[in-house]
Amino acid sequence: MQHPVTLRWQTWISFTGHDIQCVTAHNQREDAGRVAKQMADAWSEGKYKTG
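Remember, predicted model here, so these are calculated numbers, not experimental data.

How each quantity is defined
Residues numbered from 1 in each chain as written. Predicted model: local features only at pLDDT ≥ 70, side-chain atom pairs only at ≥ 80, totals over all residues. Heavy atoms only, no water. Salt bridge = Lys/Arg side-chain N within 4 Å of Asp/Glu carboxyl O. Helix = DSSP H or I, 4+ residues; strand = E, 2+ residues; numbered from the N terminus. Buried < 20%, exposed > 50% of the residue type's maximum accessible area, 1.4 Å probe, protein only. Contact = heavy atoms within 4.5 Å.

> Got a minute to help me understand the pattern of salt bridges in this structure?
A side chain of one charge can pair with a side chain of the opposite charge when the charged atoms of the two come close. Throughout the structure, instances matching the rule amount to three salt bridges. The closest approach of N and O atoms between D41 and K37, which form a salt bridge, is 2.8 Å. Here the residue D41 and the residue K37 both occupy positions in helix α1 (residues 29-44), the gap between them amounting to four residues, near one helical turn. For K37, a relative accessible area of 51% corresponds to the exposed category. A salt bridge links E45 to K47, with the shortest nitrogen-to-oxygen separation between them at 3.1 Å. Judged on exposure class, the residue E45 and its partner K47 are both exposed.

So, in structure tokens, the structure goes:
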């Protein structure tokens, strides 16, 4: 999503389904999209573990 003040494109994640956090901010939308895809791929591959 794009921040309304800074206009940077942000990547957000939720490990619990309740709390979300911004983990990156980029000047280019494509960069944020690339990071989001990398995070989703890592999640699918089991690289992130939650309690």
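> In this structure, what is going on with the environment of A25? I would like to understand it.
Locating A25 in the fold gives a position in strand β2 (residues 21-26). Owing to a relative accessible area of 41%, A25 belongs among the partly exposed residues under this scheme. The spacing of A25 and H3 is 22 residues in sequence and 8.9 Å in space, taken between C-alpha atoms. Setting aside residues up to four positions removed in sequence, A25 forms contacts with R8, W9 and Q10.

Just distances and angles here, no functional claims.
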